[in-house]
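# Residue-level structure breakdown
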There are 2 protein chains.
Amino acid sequence: MSVTAPRGFRAAGVTAGLKKSGRPDLALVVNDGPLDVAAGVFTTNRVQAAPVLWSRTAVGDGRACAVILNSGGANACTGSGGFLDSHTTAEHVAAVLGVGAADVLVCSTGLIGERLAMPVLLLGVDAAAAALGVTGGPDAAAAICTTDTVPKETVQRGEGWSIGGMAKGAGMLNPALATMLVVLTTDAVLDAGMADAALRHAVEHSFNRLDSDGCMSTNDTVLLLASGAAGASPDAAVFGAALDAACADLARQLIADAEGASHDIAVTVRGATTEGAALAVARAVTSSNLFKAAVFGNDPNWGRVLAAVGTVPVEVAAYEADELDVFMNGVQVCRAGGVGEDRSAVDLSGREVSVVVDLHAGGAEATVWTNDLTHDYVHENSAYST
Amino acid sequence: MSVTAPRGFRAAGVTAGLKKSGRPDLALVVNDGPLDVAAGVFTTNRVQAAPVLWSRTAVGDGRACAVILNSGGANACTGSGGFLDSHTTAEHVAAVLGVGAADVLVCSTGLIGERLAMPVLLLGVDAAAAALGVTGGPDAAAAICTTDTVPKETVQRGEGWSIGGMAKGAGMLNPALATMLVVLTTDAVLDAGMADAALRHAVEHSFNRLDSDGCMSTNDTVLLLASGAAGASPDAAVFGAALDAACADLARQLIADAEGASHDIAVTVRGATTEGAALAVARAVTSSNLFKAAVFGNDPNWGRVLAAVGTVPVEVAAYEADELDVFMNGVQVCRAGGVGEDRSAVDLSGREVSVVVDLHAGGAEATVWTNDLTHDYVHENSAYST
């Protein structure tokens, strides 16, 4: 049920005709209230797509009652005309729903640098509005897919309230093909401040700890809408934990469906002086093409892990190179910066791979997920726009 | 003739038996003087191979009279035993040549995390010493190759003096498979300060502006040896320009032979406030897997260039996203952050690709070279150690 699992929401997913493939490409999520609380987290890329510029402003007052999302075009690097297209889309959705345009958020995903086919999109809005329903979540989740092979949905239940969510893409700071888009809904009673704080925490500990291919999208957007329809007011910590779980669930699904991947790799750095230091070292490993290509080849090449760890400046993460330990799928292949157990004892034939680096410098740790670098990744990303 | 083109040098390249392939794997370069001036630049990776630790110290006094280089094993992440191996190698070379061990520099390249076969290597040293000759440069250049398909050599001539050089690998800050090793020789009369300053400038403007795959080796080493045998004392600026040219020539050869590459890509950023800002933006583009995979597919996907440019923090490089221009092979595919000329006008079928990003923020510029991301890159790097 994803975004329509909580009360107070309707959704739809339709085929507007933006995609050449003829697959669904337009989703609409409506919050029927009584509350219209909303929060958003957006890409930190300085080149921001038109819908990001629009939605960031629109959600700035902590309120929104609808989200329109299209695949089949990112509307990024499209200049003032592209921004007008996002504005026009919001105006049209607002007119159909009888709400204000400033309460309509817009998300787009697809190829950068091309204008959207606006007549097609606006007709699609009409069709989506006509198809809105309280069981429309799965249709919406399917309509936002691009290279995703399966829709990503989650439901988390609290005492008398719930959270629903849908996602597409493969990362937040570092998404794959075009973009990660996430819409979360809840029927809990929240105020805007609580929604914003909970969303930022959940994103930081889930989507911001994915690194599929090191690239950062112009369109990444994570939105939370609260209808208050359950009438229940959960404690902030309780709601936060549920939202964390929802985002973690979606993040794990994104990694599992990353383009061309054959391994999901969890890189955990422990023994760091701070969580930030642990994260920096983990990200150095997850961004190493050499390491990721080795995992694709089922090769426990821990030297490439150490070479990546060594690129982190000392002012970012304290450690001594001759104290580093590395475990791959539980086998300590590197001990004190040198050769440990026989690398042939590491079995990388499964989908999931665990790499643990112990810095022996402190008590903090963090985990970042990534994928291996495969022939299929190169294929998908060399043949995308042409 | 490479390293034996200048007077005062002998070299050899032999097959010690470190490589399973049976190809040459041990090179020796000897400076017969009268000067024994030397300078070195090493990887900034905090995980440093044993030969880097040894050579950095050994060249610290600005003097060296021999360099021993092995392929077939990086001697990195090998602990105190590995350091002893580098020390033993230097001692053995010193004994054979009748010099001090502290004047012998050591370089290694190959798989990380395995000890060298020392008896094999030391017998190879004897063979290399016996084979030393004033025409041995090409043999030495061949013996340091790993996945290189051709040796890399250069000769630059001044008035009565010359510079010779050899290289293996594919980058400096960000080399490919294992390591970049470079040895430069000259018969010009230099002092240690002049040699060090010239080498640092030349490396910064050549090898440090290559980024093949974003990874940084544990073994990168660039050495300059001066024999003074020409008796000529060039002006520092004149010598520096020739050394710059030697390094630029070798760097270009490294990119042209990078693992699995089908395109050599020059990313030039102009209109920057400083050269550092231009470099940071160029490196953001050259490290984008999405951009590099698109070039492999002959796809002028300029949106991926802009998405990469947008990841550079504002405090690192000033620009306005809606003022960015992008040219690919001379075609202005992006104008003022939006759609420019038709991307289909860009022909990427040739080996060399030019990407120019104009930030319109100042007068500084810089160029970084990289390669495309190909099936063969993934293949070579997933099948290396196994």
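The present account deals with the structure reproduced in this document. (Residues numbered from 1 in each chain as written. Chains lettered and ligands numbered in written order. Predicted model: local features only at pLDDT ≥ 70, side-chain atom pairs only at ≥ 80, totals over all residues. Heavy atoms only, no water.)

### Remarks on the pairing of strand β10 (residues 264-272) of chain B
The side chains of a regular strand alternate between the sheet's two faces. All names here are of chain B. Counted only if it meets this: The classification of residues rests on relative accessible area computed with a 1.4 Å probe and restricted to protein chains. Under 20% of the type maximum is buried, over 50% is exposed, and intermediate values are partly exposed. Helical segments are the DSSP runs of H or I of at least four residues, strand segments are the runs of E of at least two, and each set is numbered from the N terminus. Strand pairing is defined by DSSP finding a minimum of two bridges between the two strands.
By the criterion of burial, β10 is predominantly enclosed, with eight of the nine residues buried. The pairing of β10 with strand β14 (residues 352-358) spans seven bridges and is classified as parallel. Note on β14: the bridge partner recorded for Val267 is Val355. Pairing analysis gives seven bridges linking β10 to strand β15 (residues 364-371), with the strands arranged antiparallel. Within β15, the residue paired with Thr268 across the bridge is Thr367.

### Considerations on the relation of the copies chain A and chain B
Between the two copies of this chain, the relationship is a rotation about some axis together with a displacement along it. The test is simple: In this comparison the copies share one frame, found by least squares on the C-alpha atoms of residues holding pLDDT of at least 70 in both. For this analysis, residues touch if any pair of their heavy atoms sits within 4.5 Å.
Note on the identical chains: chain A maps onto chain B by a rotation of 180 degrees and an axial translation of 0.0 Å, with an RMSD of 0.0 Å. Such values leave the two copies arranged in the relation of a two-fold axis. Closest approach to the rotation axis within chain A is made by the C-alpha atom of His375 of chain A, at a distance of 2.6 Å. A shared interface surface links the copies, since 100% of the contact residues of chain A are contact residues in chain B too.

### Remarks on the sheet that holds strand β13 (residues 338-339) of chain B
Across a sheet, paired strands are connected by hydrogen bonds in the backbone, their directions being either parallel or antiparallel. Residue and element names in this part refer to chain B. Applicable threshold: Axis lines are fitted to C-alpha atoms, over the contacting stretch for helices. Their N-to-C directions set the angle, which ranges from 0 to 180 degrees.
The strand order β13-β12-β11-β14-β10-β15 describes an open sheet built from six strands, whose pairing is mixed. For this open sheet the edge positions go to β13 and β15, each flanked by a neighbour on one side alone. One ladder, built from two bridges, connects strand β12 (residues 331-335) with β13; its direction is antiparallel. The residue bridging Arg335 from the neighbouring strand is Gly338, located in β13. Packed onto the sheet, helix α6 (residues 236-256) meets β10, β14 and β15 and runs at close to 40 degrees relative to β15.

### Examining the packing of aromatic side chains
Let me state the cut-off plainly: Pairing of aromatic rings covers Phe, Tyr and Trp, the last through its six-membered ring, and needs centres within 6.5 Å; plane angles under 30 degrees mean stacked, over 60 mean edge-to-face, and all others mean tilted. Only lysine NZ and arginine CZ atoms are considered, and such an atom sits over a ring when it is within 6 Å of the ring centre and within 35 degrees of the ring normal.
Across all of its chains, the model carries four aromatic pairs over all chains by this definition. Each ring, one from Trp161 of chain A and one from Phe239 of chain A, has its centre 5.6 Å from the other, and the planes form 45 degrees; the classification is tilted. In this pair, Trp161 of chain A is assigned in the loop between β6 (152-157) and β7 (162-168) and Phe239 of chain A in helix α6 (residues 236-256), connecting sequence segments 78 residues apart. The class of Trp161 of chain A is buried, set by a relative accessible area of 6%. A relative accessible area of 0% means that Phe239 of chain A is categorised as buried. In this arrangement the basic side chain of Arg46 of chain A is found over the ring face of Tyr319 of chain B, its NZ or CZ atom lying 3.7 Å from the centre. The ring of Trp369 of chain B has Arg252 of chain B lying over it, and the distance from NZ or CZ to the ring centre is 4.2 Å.

### Focus on the environment of Thr78 of chain A
Defined as follows: Pairing of N or O atoms within 3.5 Å defines a polar contact, subject to two protein rules: one partner must be a possible hydrogen donor and the other a possible acceptor, and residues neighboring in sequence count only if both atoms are side-chain atoms.
Among the structural elements, Thr78 of chain A can be located in the loop between β4 (66-70) and α2 (79-97). Taking the C-alpha atoms as reference points, Thr78 of chain A and Arg115 of chain A, 37 residues apart in sequence, are found 6.2 Å from one another. Setting aside its immediate chain neighbours within four residues, Thr78 of chain A contacts Ala50, Gly113, Glu114 and Arg115 of chain A together with Gly337 and Gly338 of chain B. Only 2.7 Å separates the side chain of Thr78 of chain A from the side chain of Asn75 of chain A, close enough to count as a polar contact.

### Brief notes about the sheet that holds strand β1 (residues 9-14) of chain A
Residue and element names in this part refer to chain A. With mixed pairing, four strands are arranged side by side in an open sheet as β1-β2-β4-β5. Each edge of the open sheet carries a strand with a single partner, namely β1 and β5 (104-108). Going across the sheet, the axis of each strand differs from the next one's by a mean of 10 degrees, ignoring polarity. With five bridges joining them, β4 and β5 adopt parallel strand pairing. Residue Val67 lies in a different strand from β5, and its bridge partner there is Leu105. Against the sheet, helix α3 (residues 118-131) touches β1, β2 (26-31) and β4, its axis set at about 135 degrees to β1.

### Considering the interface of chain A and chain B
Note the following rule: Accessible area that two parts lose when put together, with a 1.4 Å probe and added across both, is what the buried area reports. When a carboxyl oxygen of Asp or Glu lies within 4 Å of a side-chain nitrogen of Lys or Arg, that pair is called a salt bridge.
Every contact between the two is made by 57 residues of chain A and, on the other side, 57 residues of chain B. Carbon and sulfur atoms supply 58% of the area that chain A and chain B bury against each other, a total of about 4,200 Å² over both sides. Counting across the chain A and chain B interface gives zero salt bridges. Counting across the chain A and chain B interface gives 16 residue pairs in polar contact (both at pLDDT 80 or more). Elements with a contribution of two residues or more to the side of chain A that touches chain B: α8 (289-296), α9 (302-309), β13 (338-339) and α10 (375-382) of chain A. The element best represented in the side of chain A that touches chain B is α10 of chain A, accounting for six residues.

### Digging into the environment of Gly260 of chain A
All names here are of chain A. Mapped onto the secondary structure, Gly260 falls in the loop between α6 and β10 (264-272). Judged by relative accessible area, which is 14%, Gly260 ranks as buried. Each C-alpha atom, one on Gly260 and one on Ala197, is 34 Å from the other, the two residues being 63 residues apart in sequence.

### Some thoughts on the side chain of Ser86 of chain B
All names here are of chain B. Residue position: Ser86 is located in helix α2 (residues 79-97). Take Ser86: its relative accessible area is 1%, and that puts it in the buried class. Apart from the residues lying within four places of it in its own chain, the contact partners of Ser86 are Ala50, Pro51, Trp54, Asn75 and Val106.

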